[in-house]
Protein chains: 2
Amino acid sequence: MSASLPHLSAAQSENLREELIAYALTHGLVVRPQPSFLADNPGGSVVVHAPVALHPSEFPKQAFDHAKEIQTGYNELYAKIANDEDFMSRIMAELAPVDDFMKKLWELHLTVKARGILQPLSLGLFRSDYLLHSDSDDLLSARIKQVEFNTISSSFASLATLTADMHRNLASRGFYSPGNPEHYNLPENPAMRAMARGLAQGAKAYGGKTPVVMFVVQADERNVFDQRWLSTCLMDNDGIQSYRVAFTDIQQRCSVSADGTLTLQTPDGEVEVSVVYFRAGYGPEDYKSDREWQSRRLLEQSKAIKCPTVITQLAGSKKVQQVLSDSGIVERFIDTQDAAKLRETFVGMHSPDGSPAGQEACKLAMEQPERFVLKPQREGGGNNIYREAIPKFLQSIQRDHWAGFILMELILPPIQHNAIVRQGSIYSASVISELGIYGTILWSKDGTILNNDEAGHLLRTKSRDTDEGGVAAGFACIDSPSLV
Amino acid sequence: MSASLPHLSAAQSENLREELIAYALTHGLVVRPQPSFLADNPGGSVVVHAPVALHPSEFPKQAFDHAKEIQTGYNELYAKIANDEDFMSRIMAELAPVDDFMKKLWELHLTVKARGILQPLSLGLFRSDYLLHSDSDDLLSARIKQVEFNTISSSFASLATLTADMHRNLASRGFYSPGNPEHYNLPENPAMRAMARGLAQGAKAYGGKTPVVMFVVQADERNVFDQRWLSTCLMDNDGIQSYRVAFTDIQQRCSVSADGTLTLQTPDGEVEVSVVYFRAGYGPEDYKSDREWQSRRLLEQSKAIKCPTVITQLAGSKKVQQVLSDSGIVERFIDTQDAAKLRETFVGMHSPDGSPAGQEACKLAMEQPERFVLKPQREGGGNNIYREAIPKFLQSIQRDHWAGFILMELILPPIQHNAIVRQGSIYSASVISELGIYGTILWSKDGTILNNDEAGHLLRTKSRDTDEGGVAAGFACIDSPSLV
């Protein structure tokens, strides 16, 4: 352990670590331990504090405000994309040959559509993720560049709120700057309550006798308390009951009647589900057999409001993001002025496919790989190929599979110093931070938007050495911004 | 696992267990795992939910109200006993020959007194513990009988408040009585905030520049979050800073100046301590060498307000409790009407010493052991001898050590059915419950009482098979009363 705040003594750093861990453990800022650390966790009764930043990382206020300001524009853009069958059909025509998972999702959508869509309303709990980009490594003048737009299972809203509360608490008690407690500008983070409010709006709009939200979850989820806090908010703030159902148990516990009513078997009897909230099913790992595909179809064809629908999930593919970067596309969906503000966050994106532009992209990737990251089209993080590893990777796969990837210009984020507190220990590191802005939107197939809100933020910080973004895997953590 | 609420289905019981554990883990109702379960707990970063009752146990409202009503009377009684050097001197004359720990505490008190007491104020954070007694096993007509009166390290106030909150939350959501959510009468439990307020009153009365509370703790404490929550309340409700110092580190980090000022070395420099709050030092296990005795003397001779002073700790000995049961003693200290209400909670207590009454008590113990429990004089729980084990135990020790014990008539508590949720599993059992009422009092050597308050409650429930009371050791748990 080394001190990450150079002005703190060893004793002050140790004290800060102890107080931080105590705060996290008493305020529910927790996750289940990794099985490698604790093989047997009886009844899920044991938890560890979530990996968090020792102190808030600096983030330029202008960039933070920009990201928040455009979130409702992004919400609207993706809602409209999900409503545009023709547009998505053209996207999928390109994606299907190279991505089997996307293909199957699209087929599922078409099957259900052919039977007739019973629920005109869709709910989105989105998160737009950005890195700061600066050619000069100057933090203050850095601008946000979009990394990806998540349309399914946007996680960490609750833990982000709790981390912001924790950092503000520690700062106000002077742990970061002894003798000068009010050093930081730490914004409130309403993410937890705002995302729960989004679910509540959907549940109420469904119009059933009793609003009910069903969380579809992974059976072995470690980040379960992030989800539990949303349930707590749903109950405390709106009196709305929610149930957790493992994706693998859907068929056993759910049924859909002729009119599309989705009924869930609970310990207290049957309930009608208003909103299906997916915290599973976002990647191919969750579809181990045909059984899970049947489960997804069962839910999709019901008249419950899906968060998200299959087509909304597909709208979050990186292929869509890449096509939007072509000129004039965003402007087809939303107001030109709004579109311009979104465009400021775009980076160069190329599809290494068979088109003339695609062939140009392939050449770029082979000759100047250090400028790029190669990402698979599908959602869920992981498996990104960076810089010099790109040519070798492309050569290792079939040529006609190249179109399953997107070549993105690398964003050059300013580097800061922070420390990651993970399983009780402090790891000091050079770090970069990724800002996520949450958004909730409830819209109808006819284009009506019932609610559209920016819904708080997430700052994830990772050591410069790890190229992957997930907090759970590797040395990344939940942070909060100190606005400068 | 078997269902403890017979009207619940297996699925409902399982659901209740999951929701209970999730609530506990998200709301800081936690303890450190036992080393036997988790040998390595890096940075204390791993916690398990506290052992709790699956549902509230029934408790007669008349008995609960009686216990709360008399708490300020008990607070006053013990404050006045601690002020009465002559009375305590006579008690210690009997105890010293048979209890080396008590003897050394008393000698410490006399040494410090001889140098001059620098702080006239004393702070008590007390807890009076009761069992219900009923000859007929009828709960409604059962009366409270005092088991012991704790004058040092009265624990579980925070976890008791959190458990009451949890039971109320689960009840309001219908987990105990599906379809009939408002079945229980569950009183609010202010214990956590009320005990912290007691500390705050002491810290403010000290009159220093900045009020500071020092928690003296055991280095290997598992029940650390019960204490952490008091610190959190101190800061949140009164802006009062507190520090945790291991009893073994006192000499290294504390010093007392000529005028009695107690100075603590903190990571941010030196602070003057207003209140020394002992959550260690209550039993001989904490005094492994002369070093700890020196630490205790250092603190005692300072002008910081002690919670408690050594003589207040000694006033909580069972010998005092036994002497109070003799006629006319309570009435020497407090108002006769108040005394009568306290007396209703007394059980027969005898000292098996050399006096004529003592010899009668010895005879009783040998001939009718099934009516009694034999308790050592010293504080801290454990090592009680029950019923038929008493004669054999007395014969195994020297005759002149018998006076180190108190023979108490056994209380016959009504038996209920409940279940203990412990490390993720449910253990269904026949149980008995022990009610503790907290009290805080701040008083002066001249007899002035500055504050005197009842301060919430604790219900501890244990399986009928375990005869020991500690929640940490064995199958006991924190519960909350459902008033009937």
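Along each chain, residue indices are assigned from 1 in the same order as the chain's sequence is written. Ligands are numbered from 1 and chains lettered from A, in the order in which they are written. Reporting in this predicted model follows two pLDDT cut-offs: at least 70 for local features of residues, and 80 or more for side-chain atom pairs to be given and counted; totals over whole chains, interfaces and linings ignore these cut-offs and use all residues. In computing side-chain properties, one takes all heavy atoms of the structure into account and sets aside hydrogens as well as water.

Caption draft 1: Examining the overall build of chain A more closely. Helix and strand content of chain A: 16 helices and 22 strands. The atom set for the radius of gyration is the C-alpha atoms, and the globule formula is 2.2 Å times the number of residues raised to the power 0.38. Against the compact-globule benchmark of 23 Å for 484 residues, chain A has a radius of gyration of 22 Å, which places it among compact chains. If you line up chain A on its principal axes, its C-alpha atoms span 65 × 60 × 45 Å. Exposure classes here rest on a 1.4 Å probe applied to the protein chains alone. A residue is buried below 20% of its type maximum, exposed above 50%, and partly exposed in between. Residues counted as buried form 61% of the 484 residues belonging to chain A. Secondary structure follows DSSP: runs of H or I at least 4 residues long count as helices, runs of E at least 2 residues long count as strands, and numbering of each begins at the N terminus.

Caption draft 2: Structural detail: the domain arrangement of chain A. All names here are of chain A. Delimitation of the domains relies on an automatic or database domain assignment. As far as domains go, chain A holds domain 1 (10–347 + 420–483) and domain 2 (350–410). Computed from C-alpha atoms alone, the centre-to-centre distance between domain 1 and domain 2 is 26 Å. Contact with domain 1, which involves 22 residues of that partner, is made by 21 residues of domain 2. Between domain 1 and domain 2 lies a buried interface of about 1800 Å² when both sides are counted; carbon and sulfur atoms form 51% of it. Salt bridge, as used here, is a side-chain nitrogen of Lys or Arg placed within 4 Å of a carboxyl oxygen of Asp or Glu. Linking domain 1 with domain 2 are zero salt bridges, by the criterion used here. We call two residues in contact when some of their heavy atoms are within 4.5 Å. Accessible area that two parts lose when put together, with a 1.4 Å probe and added across both, is what the buried area reports.

Caption draft 3: Layout of the relation of the copies chain A and chain B. Overlaid copies result from least-squares superposition on C-alpha atoms, with residues included only where pLDDT is at least 70 in both. With an RMSD of 0.1 Å, the fit of chain A onto chain B corresponds to turning through 180° and sliding 0.0 Å along the axis. On this basis, the relationship between the two copies can be described by a two-fold rotation axis. Interface overlap between copies is the fraction of interface residues in one copy that are interface residues in the other; for chain A against chain B it reaches 100%, indicating a shared surface.

Caption draft 4: Structural view of the side chain of Q146 of chain B. Residue and element names in this part refer to chain B. Residue placement: Q146 occurs in strand β6 (residues 143–150). By relative accessible area, which is 2% here, Q146 ends up buried. Discounting chain neighbours no more than four positions away, the residues touching Q146 are Y74, S128, D129, Y130, Q321, T345, F346, V347, M408 and I411.

Caption draft 5: How the structure looks around the side chain of S295 of chain B. Residue and element names in this part refer to chain B. Mapped onto the elements of the fold, S295 is located in helix α10 (residues 290–301). Judged by relative accessible area, S295 falls into the buried class, the value being 1%. Residue contacts for S295: discarding those within four places in its chain leaves F247, I250 and Q251.

Caption draft 6: How the structure looks around helix α15 (residues 356–367) of chain B. Multiplying 1.5 Å by the residue count of a helix minus one yields the expected span of that helix. Across its 12 residues, α15 of chain B extends 17 Å between first and last C-alpha, which sits within 8% of the 16 Å expected from 1.5 Å per residue. The secondary structure elements touched by the buried residues of α15 of chain B are β14 (349–350), β15 (372–376), α16 (389–396) and β17 (405–409) of chain B.

Caption draft 7: Representation of the UniProt feature "domain: Glutathione synthase substrate-binding" (unreviewed entry) in chain A. UniProt positions are given in the numbering used here, feature names are shortened, and annotations may be inferred rather than shown by experiment. Here, the residues flagged by UniProt with the feature "domain: Glutathione synthase substrate-binding" (unreviewed entry) are residues 212–315 of chain A. As annotated, residues 212–315 of chain A comprises 36% helix and 30% strand, and the C-alpha atoms at either end are separated by 26 Å.

Caption draft 8: How the structure looks around the sheet that holds strand β12 (residues 275–278) of chain B. Residues and elements named next belong to chain B. Two strands form a pair only when DSSP identifies at least two bridges running between them. Taken together, the four strands give an open sheet; going across it, the order is β8-β7-β12-β13, and neighbouring strands pair in parallel fashion. Strand pairing shows two members of the sheet lacking a second neighbour, β8 (241–246) and β13 (305–307), which therefore form its edges. Across the sheet, the mean angle from the axis of one strand to that of its neighbour is 20°, orientation sign disregarded. Taken together, the four bridges between strand β7 (residues 212–217) and β12 define a ladder with parallel strand orientation. Bridge pairing links V216 to F278 in β12. Working convention: axes come from line fits to C-alpha atoms, limited for helices to the stretch in contact. Angles between N-to-C directions cover 0 to 180 degrees. Sitting on the sheet, helix α7 (residues 191–206) is in contact with β7, β12 and β13, with an inclination near 150° to β12.

Caption draft 9: Focus on the interface of chain A and chain B. At the junction of the two partners, chain A supplies 35 residues and chain B supplies 35 residues. Between chain A and chain B, a total of about 3000 Å² is buried, with carbon and sulfur atoms accounting for 62% of that surface. There are two salt bridges connecting chain A and chain B. Across the salt bridge formed by R228 of chain A and E19 of chain B, the nearest N and O atoms sit 3.0 Å from each other. Elements with a contribution of two residues or more to the side of chain A that touches chain B: α1 (10–26), β2 (46–49) and α8 (224–238) of chain A. Broken down by element, the residue count for the side of chain A that touches chain B peaks at 10 residues, all from α1 of chain A.

Caption draft 10: Inspection of the nonpolar core at higher detail. Counting residues in hydrophobic clusters, the biggest one holds 128 residues, and the most contacted among them are L199 and V213 of chain A together with L199 and V213 of chain B. Among all residues touching V213 of chain A, those that are not within four sequence positions of it are L199, A203, L234, I240, Q241, S242, Y243, V275 and Y277 of chain A. By nonpolar core is meant a set of buried Ala, Val, Leu, Ile, Met, Phe, Trp, Tyr and Cys residues that side-chain atoms within 4.5 Å join together.

Caption draft 11: Spatial organisation of the sheet that holds strand β9 (residues 254–256) of chain B. All names here are of chain B. One open sheet accounts for three strands, arranged β9-β10-β11; its pairing is antiparallel. The open sheet has two edge strands, β9 and β11 (269–272), and neither has a second partner. Strand-to-strand twist in this sheet, taken as the mean axis angle between neighbours without regard to direction, amounts to 30°. Bridge count between β9 and strand β10 (residues 262–266): three bridges; the pairing is antiparallel. Residue pairing in the sheet places V256 in a bridge with L262 of β10.

Caption draft 12: Representation of the pairing of strand β19 (residues 425–444) of chain A in the model. All names here are of chain A. The element β19 is largely enclosed, with a buried count of 16 among its 20 residues. In the sheet, strand β5 (residues 121–133) pairs with β19 via 11 bridges, with the strands oriented antiparallel. Pairing of L121 across the sheet is with S444, part of β19. Two elements, strand β18 (residues 416–422) and β19, share seven bridges in a ladder whose sense is antiparallel. Bridge pairing links R422 to S425 in β19. Once β18 ends, the chain turns through two residues before running back antiparallel as β19, passing Q423 with a positive phi of about 45°. In this structure, β19 lies alongside strand β20 (residues 449–463), joined through 12 bridges in antiparallel fashion. Counted as the bridge partner of G436 is L458 from β20. Hairpin remark: β19 followed by β20, antiparallel, with four residues in the connecting loop; positive phi at G447, about 100°.

Caption draft 13: Spatial organisation of the packing of aromatic side chains. Working definition: a ring pair exists when centres of Phe, Tyr or Trp rings (six-membered ring for Trp) sit within 6.5 Å. Plane angles under 30 degrees give stacked, over 60 give edge-to-face, the rest tilted. All chains considered together, the criterion is met by 28 aromatic pairs over all chains. Taking 6.4 Å as the distance between ring centres and 45° as the angle between the ring planes, the aromatic pair formed by F126 of chain B and W443 of chain B counts as tilted. On the criterion of sequence distance, the pair formed by F126 of chain B in strand β5 (residues 121–133) and W443 of chain B in strand β19 (residues 425–444) is long-range, its members being 317 residues apart. With respect to burial, F126 of chain B and W443 of chain B carry one shared label: buried. Ring centres of Y176 of chain B and Y184 of chain B lie 5.4 Å apart, and the angle between their planes is 70°; this geometry places the pair in the edge-to-face category. Taken individually, Y176 of chain B and Y184 of chain B each receive the classification buried, so the pair is uniform in this respect. Whether a charge sits over a ring depends on NZ of Lys or CZ of Arg being within 6 Å of the ring centre and within 35 degrees of the ring normal. Positioned above the aromatic ring of F278 of chain A, the side-chain terminus of R296 of chain A is 4.3 Å from the ring centre. We note R422 of chain A situated over the ring of F475 of chain A; from NZ or CZ to the ring centre the distance is 4.4 Å.

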